[in-house]
Amino acid sequence: STPLLYPNAADLAKGAYSNAGTQYVHDVPSLQGLVAYGKARGVRVVPEYDTPGHAAAWGEGYPGITVQCPSYTQ
C-alpha cells in the first residue's frame, strides 16, 4: 500500500508506511500517470482508500482529526 499525497493536506502522509526511514508516497500526477499507463494496456487501475483501518496514521500529521484511543500505542 502506498499513500497518496494530497496537495491541500500533505501532512496526511506523515504517518504512512516507511522502510528504513524512506516514505513511499504517490502524488496526484504520478497516480494519473499510473492510471494512464494501465489504460493504455487495457487495465483499469482503481485506487483503494483504506479507511478507517489506516485513519490512525492521519493523526501523525493532523492530531486534531483523530480520537485518542487509550489502548493505541505508537
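Residues numbered from 1 in each chain as written. Predicted model: local features only at pLDDT ≥ 70, side-chain atom pairs only at ≥ 80, totals over all residues. Heavy atoms only, no water.

An unreviewed UniProt entry annotates the protein chain as beta-N-acetylhexosaminidase originating from Kipferlia bialata. Its UniProt record gives the protein chain a comment under Sequence similarities (unreviewed entry), which states: "Belongs to the glycosyl hydrolase 20 family." Turning to the protein chain, the UniProt annotation filed under Catalytic activity (unreviewed entry) states: "Hydrolysis of terminal non-reducing N-acetyl-D-hexosamine residues in N-acetyl-beta-D-hexosaminides." (UniProt positions renumbered as here; feature names shortened; annotations may be inferred.)

Caption draft 1: Quick look at the environment of Y24. Structurally, Y24 is set in the loop between strand 3 (22-23) and strand 4 (26-27). Taking C-alpha positions, Y24 is 7.3 Å from P3, a pair spaced 21 residues apart along the chain. (Helix = DSSP H or I, 4+ residues; strand = E, 2+ residues; numbered from the N terminus.)

Caption draft 2: Structural view of the confidence of the model for the protein chain. On average, residues of the protein chain carry a pLDDT of 76, and 70% of them reach 70 or more. For the protein chain, per-element mean pLDDT is lowest for strand 3, which scores 62, and highest for helix 1 (residues 28-40), which scores 91. (pLDDT = per-residue confidence, 0-100.)

Caption draft 3: Looking closely at the environment of V28. Of note, V28 is situated in helix 1. You can call V28 partly exposed: its relative accessible area is 32%. Sequence separation of V28 and P7 is 21 residues, and the distance between their C-alpha atoms is 8.0 Å. Look past the residues within four positions of V28 in its chain and what remains in contact with it is L4, L5 and P7. (Buried < 20%, exposed > 50% of the residue type's maximum accessible area, 1.4 Å probe, protein only. Contact = heavy atoms within 4.5 Å.)

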